[in-house]
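Summary of structural features
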Amino acid sequence: AQTVTQSQPEMSVQEAETVTLSCTYDTSENNYYLFWYKQPPSRQMILVIRQEAYKQQNATENRFSVNFQKAAKSFSLKISDSQLGDTAMYFCAFMNNDMRFGAGTRLTVKP
Amino acid sequence: SQTIHQWPATLVQPVGSPLSLECTVEGTSNPNLYWYRQAAGRGLQLLFYSVGIGQISSEVPQNLSASRPQDRQFILSSKKLLLSDSGFYLCASSPASGRAYQETQYFGPGTRLLVL
């Protein structure tokens, strides 16, 4: 069964700085999708970024980018120029015949 | 783009009472629909998914059931709530693909359920 591990329960970063959230996963599949979702205090889950495993190029969405290392089964999220509104829980997720979420990383952006 | 509605937003129910949570989707046809539960401070656990009307797959044995009476309506139910049913329930939708887990899932605003 696929597992997703987020080893950082909590992180903090100063406003305008860069932070990287870690995610590793375990699978024997070759084709799959990876996601980062953000859950602010409102608790709505918001898609941040998506990566297809067959694509070597790392996905980027404005200030958010990923470092996808398929061989290492690693999928980290980099947030550049952190903003106060980035404060949230961040969940890494793996999809292939089912959907697995990590336990989440609570990110606090400090002014 | 699709919009996902959930109600009620918050619900407080006594143990042993019935439950009905509703999820509706706009802006897409024949979506794949999912129910998740999130315990406080925890990740998401998939409860049910549906790839079409009347088609329900259960991921974990539990006190809950799901139904899909219409294409864009997904209902989570219980006949008798347990204390352990408390949590945050999220409905998710992904574009039609005939199979679950093929497209990106988008989430509704969720329902907070407290069983006392």
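Figured I'd write up the structure that's included with this text. On a predicted model such as this, the values are computed, not experimentally measured, just so you know. (Residues numbered from 1 in each chain as written. Chains lettered and ligands numbered in written order. Predicted model: local features only at pLDDT ≥ 70, side-chain atom pairs only at ≥ 80, totals over all residues. Heavy atoms only, no water.)

Moving on: the overall build of chain A. Along chain A, the regular secondary structure elements total 0 helices and 12 strands. Going residue by residue from the N terminus, the α and β elements of chain A occur as β-β-β-β-β-β-β-β-β-β-β-β. Taking 13 Å as the expected radius of gyration for a compact globule of 111 residues, we find that chain A reaches 13 Å, a close match to that expectation. Principal-axis analysis of the C-alpha atoms gives chain A an extent of 40 × 25 × 20 Å. Taken across its 111 residues, chain A has 49% of its residues classed as buried. Pairs at least 24 apart in sequence give 54% of the contacts found in chain A among residues at least 6 apart. When the accessible area of chain A is evaluated, it comes to approximately 5400 Å², of which 43% is carbon and sulfur surface. (Helix = DSSP H or I, 4+ residues; strand = E, 2+ residues; numbered from the N terminus. Rg over C-alpha atoms; globule rule 2.2 N^0.38 Å. Buried < 20%, exposed > 50% of the residue type's maximum accessible area, 1.4 Å probe, protein only. Contact = heavy atoms within 4.5 Å. Areas by Shrake-Rupley, 256 points an atom, 1.4 Å probe, with all protein chains shown as cover.)

The next subject is the environment of B:Cys91. Residue and element names in this part refer to chain B. Tracing the sequence through the fold places Cys 91 in strand S9 (residues 87-94). Overall, Cys 91 belongs to the buried group, its relative accessible area being 0%. Once the C-alpha coordinates of Cys 91 and Gly 110 are considered, the two residues, 19 residues apart in sequence, prove to be 6.7 Å apart. Every residue in contact with Cys 91, bar those within four places of it in the chain, is listed here: Ile 4, Gln 6, Cys 23, Tyr 34, Trp 35, Tyr 106, Phe 107 and Gly 108.

Checked against the element boundaries, B:Glu22 lands in strand S3 (residues 19-26). Despite its burial, B:Glu22 pairs with no opposite charge; the closest candidate is B:Arg72, at 11 Å N-O. (Lys, Arg positive; Asp, Glu negative; His and termini not counted. Salt bridge = Lys/Arg side-chain N within 4 Å of Asp/Glu carboxyl O.)

Let's shift gears to the interface of chain A and chain B. On the chain B side, the residues contacting the 19 residues of chain A number 19 residues. Between chain A and chain B we count 0 salt bridges in total. Sorting the residues of the side of chain A that touches chain B by element identifies strand S5 (33-39), strand S6 (46-52), strand S10 (88-95) and strand S11 (99-101) of chain A as the ones contributing at least two each. Looking at the side of chain A that touches chain B, the element that brings in the most residues is S5(A), giving 4 residues. Considering only residue class, the side of chain A that touches chain B consists of 11 nonpolar, 5 polar and 3 charged. (Nonpolar A, V, L, I, M, F, W, Y, C, P; charged D, E, K, R; others polar.)

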